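The residues making up each chain are set out below.
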Amino acid sequence: MSGTSAQRLQTGAGGMHGSQWRCVALVVAVVAVFAAIHQVILNRAHPDALYMDSLRLLFQLDQWQAGQLSTLDFWGGSSHRGFVNQLFLWANVSLFDLDVLLANRLTGVVIAAVAVCLCISWMADMRNQPGPQRPALNVIVVVIVAALCFSWAGYELLTLDLGLPLWTKNLAFVAFFCGHAHLLSGRSRCPAVWLVALVLAAPVIVLVCGMGWNYAFVGAVLIVQAFSFLPAWKAEGRWTGVLPSVAVVISMLVYLFSGSVTDASTRNGLNVGPDLPVLLLYAVGSTLGYPEAVLMGGRLPLVTIAGLGGILLLVGTVAAVSWLRRGAPGSRLPLLLALYGVLIAASLAMARGAEGPLAVMASRYYMDLVLGLVGLIWLAARELQAAPRRTPGWNVLVGGLLSGVLVTQLLTYAQEWKASPFRESIFASMNKALLHGVPDDAAASLLQAQLEYGRKGANVMRERHLALYADSAVTECSTRKIEYTKGWHAAEGVVRWSGASASLALPPCGCAYFAELYVPAGQSERRVRISTAAGSEDVLTIQPGQAARARVGNEHAELAIDPVIVPNRDQPGSSDSRELGVLLTGFSVSCEVP
């Protein structure tokens, strides 16, 4: 080779290397802008309240650390089996005394990592496409992908501390998709390293991170792997993708055999009715942005979202068919993303569809559905890149798609900018409900939690000086130090019966203790008179099968119960000779009398 030729090759390689770094710099800059916007909106909303499933998980974490809950039960302690939520909560409790706002800020960092991964992969794929380069198209797609990742259409998981582990789950999925697509491309310089990394990552992703989203994740991987062996669309690295796919399948089998096959919550049963296709369209259409913003404040009917979902699926289908007709060149990553999004939409339509369109469009599902939209945009924009310059059809189709997504996302960002101060007041109300010890069903509904777990979660925060209870006088109150001074029978697990009269010695507390009382179904109603050290007296009537929350003060309390039952006298066949008044199931603390 002549010196001149060698010099040209080196110059070309150096130019390509420089171009790659410019692409990386562009991606990082765009993502950094949206990350900054995200933090500004987050400051306005100020999501510092622990709510929803986090309250249940906090109670279970406390039980697990106390040795009262097994690791297996902690892993499978909800409708979804996994450990990523628990691990992040554990870390937050251990390192930061459960700083909810910090967790929500860190969610933005993970979203940025997802956006950078997707955008850099997009730019790399475009460099290998035929035809003249379209720099403007590359930049527009990068901006849209970043906007979609940070979109407040998924506000629930941007203001809930569980958003951090769940977006980490998405990062794990996207990273695996990227690695799998890279192996299938046959362009990897170190395929063995990628192969081992994916095989080792598979069980961690499926058993620790994936939870109920595993079905769509595994389905997308297997479909693309099988597709890569079809004669017309063989992937050069198809054989190297087999072992990671097998590892995913084995991990999924372990996941399935460790519990029920259908672990997604289906409160009203699986929906397999004739409205299933329409519900799927609602789920797909919700990726365009916050429903109220997309409908421009209600000026458009709700069915508009289903119509938009249908348009998205149609555009995606046309782009996929065009790509297949070209022999499926380039990265398989957008196909993985699109399949994942469609499978998520289908699973939501079946698992949540019985509750109506709004259930499948809940903002907490946006983070997964939006990956499908990213894949769809990628497929369509790639076909525009590969099409001849004078092909108006693709220009119109892709231009309309990108314009529509930009408009709906701008509407979403504007909507959230206006809504964020109202969200701040809601989170303040949530914290107030937690300080009150979650006094009633209305407080539990505000926290989007079951009343039982809302109270237990608030108690754990107070007992362990966590979150809003850190550095607070209310942390002096301790339900664990309450003494059953007289009139109580031995504990039966976490509950115990009183006799006809009973008393409690309450440790010092600047607030008020409340007792949770219950009368089992099938027994007679109870009349409970409660006298406190402060001289107050209260009378409650508790119906069979119902619970009551009784204020017992903050020093000493006397309970008088009428009538009482003696099981071996009042219930034929019973040998229990105890005098049973009322069943005490737990305590809580409130800094104000509700």
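The rules behind these values
Residues numbered from 1 in each chain as written. Predicted model: local features only at pLDDT ≥ 70, side-chain atom pairs only at ≥ 80, totals over all residues. Heavy atoms only, no water. Helix = DSSP H or I, 4+ residues; strand = E, 2+ residues; numbered from the N terminus. Contact = heavy atoms within 4.5 Å. Areas by Shrake-Rupley, 256 points an atom, 1.4 Å probe, with all protein chains shown as cover. Lys, Arg positive; Asp, Glu negative; His and termini not counted. Charge placed at Lys NZ, Arg CZ, Asp CG, Glu CD. pLDDT = per-residue confidence, 0-100. Patch = residues over 30% accessible without salt bridge, like charges linked within 9 Å, V, L, I, M, F, W, Y side chains within 5 Å. Salt bridge = Lys/Arg side-chain N within 4 Å of Asp/Glu carboxyl O. Polar contact = N/O pair within 3.5 Å; in protein donor to acceptor, adjacent residues only side chain to side chain. Disulfide = S-S within 2.5 Å. Buried < 20%, exposed > 50% of the residue type's maximum accessible area, 1.4 Å probe, protein only. Expected span 1.5 Å × (residues − 1).

1. Observations regarding the overall build of the protein chain
- The helix and strand tally for the protein chain stands at 21 helices and eight strands.
- Sequence-distant contacts in the protein chain: of pairs separated by 6 or more residues, those separated by 24 or more amount to 75%.
- For the protein chain, the computed accessible surface area is about 25,500 Å², with 63% contributed by carbon and sulfur atoms.
- With 41 positive and 37 negative side-chain charges, the protein chain shows a separation of 16 Å between the mean positions of the two kinds.

2. Some thoughts on the confidence of the model for the protein chain
- Across the protein chain, pLDDT averages 89, with 92% of residues at or above 70.
- Predicted confidence is poor over residues 5-14, with pLDDT under 50, and the contacts of this stretch with residues over four places away or in other chains come to two contacts.

3. Description of a nonpolar patch on the surface
- A cluster of nonpolar side chains, contributed by Leu222, Val249, Leu253 and Phe257, occupies part of the molecular surface with about 370 Å² of accessible area.
- Looking at the nonpolar patch, the element that brings in the most residues is helix α11 (residues 242-257), giving three residues.
- Secondary-structure assignment places Val249 in helix α11.

4. Digging into the side chain of Ser588
- In this fold, Ser588 is placed in strand β8 (residues 583-590).
- Reaching out from Ser588, the side chain makes a polar contact with the side chain of Glu516 at a distance of 3.1 Å.
- Beyond its immediate chain neighbours, meaning those up to four positions away, Ser588 contacts Gly437, Asn459, Thr479, Ala512, Tyr513, Phe514, Glu516 and Arg549.

5. Focus: the state of the cysteines
- Going through the model one piece at a time under the given rule, you end up with zero disulfides.
- Free cysteine Cys178: the closest other cysteine sulfur is in Cys117, separated by 3.4 Å.
- You can call Cys178 buried: its relative accessible area is 16%.

6. A closer look at the environment of Phe74
- Tracing the sequence through the fold places Phe74 in helix α3 (residues 71-75).
- Among residues more than four places away in sequence, those in contact with Phe74 are Leu57, Gln60, Leu61, Trp64, Leu69, Gly82, Phe83 and Gln86.

7. Considerations on α11
- Given a rise of 1.5 Å per residue, 16 residues ought to cover 22 Å, and the 23 Å separating the end C-alpha atoms of α11 matches this to within 8%.
- For α11, the complete set of buried residues consists of Pro244, Ser245, Ala247, Val248, Ser251, Met252, Tyr255 and Leu256.
- Looking at the buried side of α11, the elements it contacts are α3, α8 (163-185), α9 (191-210) and α10 (214-227).

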